[in-house]
Amino acid sequence: MKVFFIFNQKKKWNAFGRGDEVLKSMLLLIGPTIMIALGLHGLNSVPLTFFLFYGWLLLISGARIRQCLKSERNLLFTKEGLLTGFITGIIFLAIIFGTVSAFSETFFDSAKLQKLLIDWNFTGRHQIMLILILLIVNPLLEEIYWREFMYANLILKVNIFNTLLITSFFYSLYHMLSLISLFNWPINLLGVIPVFLAGIVWGYFRHKFQTLIPAVLSHMLADLGIILVYFRFLHV
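From a predicted model like this one, the values you see are computed outputs, not experimental measurements.

Thresholds applied
- Residues numbered from 1 in each chain as written.
- Predicted model: local features only at pLDDT ≥ 70, side-chain atom pairs only at ≥ 80, totals over all residues.
- Heavy atoms only, no water.
- 1 Å grid on protein atoms, 1.4 Å probe; cavity = no way out; pocket = protein on both sides within 12 Å on 5 of 7 lines; lining within 4 Å.
- Points joined across faces, edges and corners; volume = space filled by probe spheres on them.
- Helix = DSSP H or I, 4+ residues; strand = E, 2+ residues; numbered from the N terminus.
- Phe/Tyr/Trp six-rings, centres within 6.5 Å; stacked < 30°, edge-to-face > 60°.
- Lys NZ or Arg CZ within 6 Å of the ring centre and 35° of its normal.
- Core = buried A, V, L, I, M, F, W, Y, C linked by side-chain atoms within 4.5 Å.
- Buried < 20%, exposed > 50% of the residue type's maximum accessible area, 1.4 Å probe, protein only.
- Expected span 1.5 Å × (residues − 1).
- Bend = angle between axes of the 7 residues up to and from the residue.
- pLDDT = per-residue confidence, 0-100.
- Contact = heavy atoms within 4.5 Å.
- Arc of directions from axis to C-beta.
- Axes fitted to C-alpha atoms, helices over the stretch in contact; angles between N-to-C directions.
- Parallel < 35°, antiparallel > 145°, perpendicular 65-115°, else oblique.
- Left-handed = near helix turned anticlockwise from the far one by under 90°.
- Salt bridge = Lys/Arg side-chain N within 4 Å of Asp/Glu carboxyl O.

**Describing the layout of surface pockets**
Here is step 1: In this structure, the largest pocket occupies an estimated 1,400 Å³ of space.
Here is step 2: In terms of lining, the largest pocket is formed by 45 residues, of which the most central are His175, Leu179, Leu182, Phe183 and Ile226.
Here is step 3: When residues in the lining of the largest pocket are grouped by element, the largest group, eight residues, is from helix 11 (residues 213–234).

This is how it looks when you write it as structure tokens:
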């Protein structure tokens, strides 16, 4: 029994290839989290965090971005895909804005959070640019990195179920670094669960429709919900 367990574990490990390939995969998975940790908790700056985070996504998946823009598959607009992306996006938007509106006093201290955002330079002349990045650049780059670049790397090594689990776990991991500072305990940890589930949903869209468009559209609307929360409760 013990021999079988060891053999089975080796098979799972070997699915990722040689040791150097495993390390490369781990670096690609954990890299975005390192950038967020360095920018947000090391340098205490949202603009610098964006520079590091999106710089990583562009640097690592730049070639994939060019392929996506040239690929007819990723530019494929289908009625079902667009409708699915739009409806789920509206649902996510409603859940985010509705839940936070209903429990805002439980979720966070507005005055404390406003001060934190000012300390992070999410204010003044940076504000509009950062909001546009969150609404447009963020959904596009995150979906290309996780649901295209990492998806394509992992699907060759493990099955679709494990691919969705792995990409969604590491996708939600760096969101936890933001949530820890923004929300009260234990909401800051529980808030990672819907992020993880959203990653599963968007990964499934990528698999089902074989295009990023439904996931990107849904992601944009979900991020719009976050921006609406900001203007409703935190904008000064």
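**A short note on the packing of aromatic side chains**
Here is step 1: Going through the model one piece at a time under the given rule, you end up with 16 aromatic pairs.
Here is step 2: Geometrically, the ring pair formed by Phe107 and Phe183 is edge-to-face, given 6.3 Å between the ring centres and 80° between the ring planes. Note that Phe107 is positioned in helix 5 (residues 104–107) and Phe183 in the loop between helix 8 (160–182) and helix 9 (187–190), a separation of 76 residues in sequence.
Here is step 3: In this structure an aromatic cluster arises from ring pairing among Phe50, Phe53, Tyr54, Phe92, Tyr145, Trp146, Phe149, Tyr171, Tyr174 and Trp202.
Here is step 4: Above the plane of the ring of Phe209 lies Lys208, whose end atom (NZ or CZ) is 5.5 Å from the centre.
Here is step 5: Its end group placed over the ring of Phe233, Arg232 keeps NZ or CZ at 4.6 Å from the ring centre.

**Some words on the nonpolar core**
One recurring pattern in soluble globular proteins is that nonpolar side chains are buried together.
Here is step 1: Grouped together as the largest cluster of nonpolar side chains are 49 residues, with contacts concentrated most on Tyr145, Trp146 and Trp202.
Here is step 2: Only helix 2 (19–42), helix 3 (46–70), helix 4 (79–102), helix 6 (110–119), helix 7 (125–155), helix 8, helix 10 (192–209) and helix 11 provide two or more residues apiece to this core.

**Some thoughts on helix 7**
Here is step 1: Taking 1.5 Å as the rise per residue, helix 7 with 31 residues should run 45 Å; its terminal C-alpha atoms sit 42 Å apart, in good agreement.
Here is step 2: At Val137, helix 7 is deflected by roughly 45°, the largest bend along its length, and proline Pro139 occurs up to four residues later in sequence.

**Comments concerning the confidence of the model for the chain**
Here is step 1: For the chain, per-residue confidence averages 85 on the pLDDT scale, and 86% of positions sit at 70 or higher.
Here is step 2: By mean pLDDT, the top-scoring element of the chain is helix 10 (96), and the lowest-scoring one is helix 1 (residues 2–14) (43).
Here is step 3: Scored below 50 in pLDDT, residues 1–13 makes one contact in the model with residues more than four places away or belonging to other chains.

**Considering the side chain of Thr33**
Here is step 1: Relative to the helices and strands, Thr33 is located in helix 2.
Here is step 2: Thr33 sits in the buried class, given a relative accessible area of 10%.
Here is step 3: Here Thr33 is in contact with Phe170, Leu173, Tyr174 and Leu177, once residues within four sequence places are set aside.

**Some details on helix 10**
Here is step 1: Given a rise of 1.5 Å per residue, 18 residues ought to cover 26 Å, and the 26 Å separating the end C-alpha atoms of helix 10 matches this to within 8%.
Here is step 2: Those residues of helix 10 that fall on the buried side of the exposure criterion are Val192, Val195, Ala198, Gly199, Trp202, Gly203, Phe205, Arg206 and Phe209. For helix 10, the buried positions fall inside an angular range of 150° around the axis, keeping them on one side.
Here is step 3: In this structure, the buried residues of helix 10 make contact with helix 4, helix 7, helix 8, helix 9 and helix 11.
Here is step 4: Within two residues after helix 10, Gln210 carries a phi angle of roughly 55°, on the positive side.

**Points about the packing of helix 7 against helix 8**
Here is step 1: In the contact formed by helix 7 and helix 8, the axes pass within 10 Å of each other and the chain directions differ by 140°. As judged from the angle between their axes, helix 7 and helix 8 are oblique. For the crossing formed where helix 7 meets helix 8, the hand is right-handed. Each of Glu142, Trp146, Arg147, Met150, Tyr151, Leu154 and Ile155 in helix 7 lies in contact with helix 8, whose residues at this interface are Ile160, Thr163, Ile166, Thr167, Phe170, Tyr171, Tyr174 and His175.

**Section: the pattern of salt bridges**
Here is step 1: Applying the stated criterion across every chain, the model contains four salt bridges.
Here is step 2: Arg147 is the salt-bridge partner of Glu143, the closest N and O atoms lying 2.8 Å from each other. You can see Glu143 and its partner Arg147 sitting in helix 7, four residues apart, about one turn around the helix. For the pair formed by Glu143 and Arg147, the shared burial category is buried.

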